Amino acid sequence: MNQEDYASEEASEADPVSMEDPEATRRDAGEAESSRASRSWWDRNADEYQNDHGAFLGDDRFVWGPEGLDEAEAALLGPAASLRDKDILEIGAGAAQCSRWLAAQGARPVALDLSHRQLQHALRIGGSDVPRAQLVEADAGKLPFRAGSFDLACSAYGAVPFVADPVNVMREVHRVLRPGGRWVFSVTHPVRWAFPDEPGPEGLSVAASYFDRTAYVEQDERGRAVYVEHHRTIGDRVRDVVAGGFRLLDLVEPEWPEWNSQEWGGWSPLRGNLIPGTAIFVCERD
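Residues numbered from 1 in each chain as written. Predicted model: local features only at pLDDT ≥ 70, side-chain atom pairs only at ≥ 80, totals over all residues. Heavy atoms only, no water.

(A) Geometry of the sheet that holds strand β8 (residues 225–229). In space, the three strands of this open sheet follow the order β1-β7-β8, with antiparallel pairing throughout. In the strand order of this sheet, the two ends are held by β1 (23–26) and β8, each with one partner. Across this sheet, the average inter-strand angle for adjacent strands is 20°, counted without regard to direction. Bridging between strand β7 (residues 216–219) and β8 involves four bridges; their strand directions are antiparallel. Within β8, the position partnered with Tyr216 by the bridge is Glu229. (Pairing = 2+ DSSP bridges. Helix = DSSP H or I, 4+ residues; strand = E, 2+ residues; numbered from the N terminus. Axes fitted to C-alpha atoms, helices over the stretch in contact; angles between N-to-C directions.)

(B) Seen up close, the nonpolar core. Residues Leu89, Ile91, Phe145, Val173, Trp183 and Phe185 are the most contacted members of the largest nonpolar core, which totals 27 residues. Elements that contribute at least two residues to this core include exactly β2 (87–91), β3 (108–113), β5 (150–156), α6 (166–176), β6 (177–188) and β10 (278–285). Among all residues touching Phe185, those that are not within four sequence positions of it are Trp64, Ser155, Val160, Met170, Val241, Ala279, Ile280, Phe281 and Cys283. Leu76, Leu77, Ile88 and Ala107 belong to the second-largest nonpolar core, a separate cluster that totals 18 residues. (Core = buried A, V, L, I, M, F, W, Y, C linked by side-chain atoms within 4.5 Å. Buried < 20%, exposed > 50% of the residue type's maximum accessible area, 1.4 Å probe, protein only. Contact = heavy atoms within 4.5 Å.)

(C) Looking closely at helix α5 (residues 116–125). Within the sequence span of α5, burial applies to His116, Gln118, Leu119, His121, Ala122 and Ile125. Looking at the buried side of α5, the elements it contacts are α2 (31–57), α4 (97–104), β3 and β4 (134–137). Of the residues that open α5, the one with a side-chain oxygen 3.3 Å from the backbone nitrogen of Arg117 is Ser115. (Polar contact = N/O pair within 3.5 Å; in protein donor to acceptor, adjacent residues only side chain to side chain.)

(D) Broad picture of the pattern of salt bridges. Tallying each qualifying case throughout the model produces 16 salt bridges. Linking Arg178 and Asp87 is a salt bridge whose minimum nitrogen-to-oxygen distance equals 3.1 Å. Taken together, the residues span a long stretch of sequence, with Arg178 in strand β6 and Asp87 in strand β2 at a distance of 91 residues. Residue classification places Arg178 among the partly exposed residues on the basis of a relative accessible area of 28%. The residue Glu284 makes a salt bridge to Arg247 at a minimum N-O spacing of 2.2 Å. With Glu284 in strand β10 and Arg247 in strand β9 (residues 246–252), this pair connects stretches of sequence that are 37 residues apart. Several salt bridges converge on common partners, so that one network encompasses Asp85, Asp87, Arg108, Asp151 and Arg178. (Salt bridge = Lys/Arg side-chain N within 4 Å of Asp/Glu carboxyl O.)

This is the structure we're talking about:
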């Protein structure tokens, strides 16, 4: 796929989005609106994101979340040696750091992302001396692959938290996986939605209902969403996995390690030592 030749018809037809002090609110946001907002937000913010977090993520490291849990240590997809010659789909791959690590293990990864700009960073990082992944620009809810194309699928904070219909994503992943294939994805731990998104002491007091599933939306002065994130409870996530045709093998809640002194948005050593920040769902296709 020639990333440089891609042009989003949807983006070209849309009016320019004003980013003057977007309003933060809680309201319903459907699948199409969420997808448009995610594409435009990540295209606008990919440079800043990679500049701020690129050193932590590395060029070819597979990190499951801000805690720094590394797939090389966790082996949630299976032992590293077992990944050789496996077809692996990474959803919401960003600059494909995880996929590059998978390629170094001898796998055949495909790095899929909605954001053209994120995939341009993947091209920038992936030099000739680094194992590469195939890059595909597409929506996680409409995976452009034949049924049974992959042995494994993974997503580190990619796509799942930002879609209005997570069951549809689960079913799409189920479709493209081969029988017995493992699907592992990480999201913000649902309990964090009850707390302010602050790294300091102000982020330790419950401020909202854990059971309020209303989406978090940032919108411009015309009411158009420029960022959308969807809340699901732990129970919701488990039911989504099952509705998608998977068995839940494990639910991993990484503890904050002593070596990690960084703050990343609302993630910090202070909060990480008291409440979970990431939930990782380890699933298997029936």
